[in-house]
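Now for the letters of each chain:
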Amino acid sequence: MTGIIDVRSLAWGDPGWDIAGLVTCYGDAFVVQVERNYPPVEGMKVRSRFYCRMFALMEAVFGAKHAELEALNDGFNALNKTI
């Protein structure tokens, strides 16, 4: 087996969002490996960096809204790393 496709959240959208998810979960080095097999990733890097910042901001907002200090701090820390 080389991979699993999960279609529970299948929808039309910007594939840069998916690349941002890979960066967030697995890091830049993993995405470089993906790019070797899927060259269109190169054209998504700028948008993906923006989406990574959005993920961080969304986590911080969630933490603030639900009084979850850990999520708030994690979001701000991730936001500071991506700017």
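Refer to the structure presented above.
Residues numbered from 1 in each chain as written. Predicted model: local features only at pLDDT ≥ 70, side-chain atom pairs only at ≥ 80, totals over all residues. Heavy atoms only, no water.

Chemist: Outline the packing of helix α1 (residues 15–26) against helix α3 (residues 45–65), supporting the account with residue identities and numerical values.
Modeler: Axis separation between α1 and α3 bottoms out at 8 Å; the angle between their running directions is 65°. Seen along the crossing, α1 lies across α3 with a hand that is right-handed. Contacts between α1 and α3 pair Gly16, Trp17, Ile19, Ala20, Gly21, Val23 and Thr24 from the former with Arg47, Ser48, Arg49, Tyr51, Cys52, Phe55 and Met58 from the latter. Considered class by class, the residues forming the contact of α1 with α3 number 8 nonpolar, 4 polar and 2 charged. (Axes fitted to C-alpha atoms, helices over the stretch in contact; angles between N-to-C directions. Helix = DSSP H or I, 4+ residues; strand = E, 2+ residues; numbered from the N terminus. Left-handed = near helix turned anticlockwise from the far one by under 90°. Contact = heavy atoms within 4.5 Å. Nonpolar A, V, L, I, M, F, W, Y, C, P; charged D, E, K, R; others polar.)

Chemist: So what's going on with the nonpolar core? Residues and values would help.
Modeler: Counting residues in each nonpolar core, the largest one holds 9 residues, listed as Ile19, Ala20, Val23, Val31, Val41, Met44, Tyr51, Cys52 and Phe55. When near neighbours in sequence (up to four residues on either side) are disregarded, Ile19 contacts Val31, Val41, Met44 and Ser48. (Core = buried A, V, L, I, M, F, W, Y, C linked by side-chain atoms within 4.5 Å. Buried < 20%, exposed > 50% of the residue type's maximum accessible area, 1.4 Å probe, protein only.)

Chemist: Outline the pattern of salt bridges, listing residues and values.
Modeler: With the rule as written, the count across this model stands at 4 salt bridges. In this structure, Asp14 and Arg47 form a salt bridge, with 2.8 Å as the shortest nitrogen-oxygen distance. Taken together, the positions of Asp14 in the segment before α1 and Arg47 in helix α3 put the pair 33 residues apart, joining distant regions of the chain. On the accessibility criterion, Asp14 (24% relative accessible area) is partly exposed. Close ionic contact of Lys45 with Glu35 constitutes a salt bridge, the shortest N to O distance being 3.0 Å. With a gap of 10 residues between them, Lys45 in helix α3 and Glu35 in helix α2 (residues 28–37) connect regions that are remote in the sequence. Overall, the relative accessible area of 35% leaves Lys45 in the partly exposed class. (Salt bridge = Lys/Arg side-chain N within 4 Å of Asp/Glu carboxyl O.)

Coordinates in, geometry out; function isn't part of it.
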